[in-house]
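Listed below, chain by chain, are the residues.
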Amino acid sequence: MAGKSTVLTDFDKRLGQLLTMQRTRLGLTQKDLARAIGCSFQQIQKYECAGNRMAVSRLYQICKYLEIPMGQFLQESDAEYVHDAKRMRILRNLNKMDPRYINAVILITDALAANRMS
């Protein structure tokens, strides 16, 4: 349709930010993700910077590949966006960690957070 313009919303921007966070959390490049879902890395760039809107079917495909429930992904769209390289490093390490250690990490982070509050 000639002359049709799309207005991107804050929601579109937030989805792009979440996509970036989830992709980098797993240590994937834009090319890696694009190859996995059958599109160009330029398209992933456009989704991440909210240059293009993402179709629900594409979001489903991405969530499936990243092993994120689509509902969780959408719930996070209301959360505050914070990109912090150190936090991303911690998340990447958690994803690589033996599941037996996760409870220990929870106890440590709970204790550290409680100490900060007092």
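Our subject is the structure listed above.
Just so we're clear, the structure is a prediction, and the values are computed from it rather than from any experiment.

Chemist: Describe the overall build of the protein chain, listing the residues and the values that go with them.
Modeler: In terms of regular secondary structure, the protein chain is built from seven helices and zero strands. Order of helices (α) and strands (β) in the protein chain, N terminus to C terminus: α-α-α-α-α-α-α. Taken across its 118 residues, the protein chain has 27% of its residues classed as buried. A fraction of 64% describes how many contacts in the protein chain between residues 6 or more apart in sequence connect residues 24 or more apart. For the protein chain, the exposed surface amounts to about 8400 Å²; the carbon and sulfur share of it is 55%.

Chemist: Provide a residue-level description of the side chain of Asp12, including the pertinent values.
Modeler: Assignment of secondary structure puts Asp12 in helix α1 (residues 10-25). Residue Asp12 is classed as buried on the basis of its relative accessible area of 10%. Among the polar contacts listed, one links the side chain of Asp12 to the backbone nitrogen of Thr9, at a separation of 2.8 Å. Of the polar contacts made by the side chain of Asp12, one reaches the side chain of Arg53; its length is 2.9 Å. If sequence neighbours within four positions are ignored, Asp12 has contacts with Val7, Ala50 and Arg53.

Chemist: Please give an account of helix α2 (residues 30-37) that cites residues and values.
Modeler: Every buried residue of α2 is listed here: Gln30, Leu33, Ala34 and Ile37. Within α2, the buried residues cover an arc of 100° as seen down the axis, which keeps them to one side. Looking at the buried residues of α2, the elements they touch are α1, α3 (41-48) and α4 (56-66). One or two steps after α2, the chain reaches Gly38, where phi turns positive at roughly 80°.

Chemist: Break down the packing of α1 against helix α6 (residues 85-96) for me, with residues and values.
Modeler: Following both chains from N to C, one finds α1 and α6 inclined at 50°, their axes separated by 9 Å at the closest point. By the angle between their axes, α1 is oblique relative to α6. Seen from α1, the contacting residues are Met21, Thr24 and Arg25; seen from α6, they are Met88, Leu91, Arg92 and Asn95. The class makeup of the residues in the contact of α1 with α6 is three nonpolar, two polar and two charged.

Procedures and definitions
- Residues numbered from 1 in each chain as written.
- Predicted model: local features only at pLDDT ≥ 70, side-chain atom pairs only at ≥ 80, totals over all residues.
- Heavy atoms only, no water.
- Helix = DSSP H or I, 4+ residues; strand = E, 2+ residues; numbered from the N terminus.
- Buried < 20%, exposed > 50% of the residue type's maximum accessible area, 1.4 Å probe, protein only.
- Contact = heavy atoms within 4.5 Å.
- Areas by Shrake-Rupley, 256 points an atom, 1.4 Å probe, with all protein chains shown as cover.
- Polar contact = N/O pair within 3.5 Å; in protein donor to acceptor, adjacent residues only side chain to side chain.
- Arc of directions from axis to C-beta.
- Axes fitted to C-alpha atoms, helices over the stretch in contact; angles between N-to-C directions.
- Parallel < 35°, antiparallel > 145°, perpendicular 65-115°, else oblique.
- Nonpolar A, V, L, I, M, F, W, Y, C, P; charged D, E, K, R; others polar.

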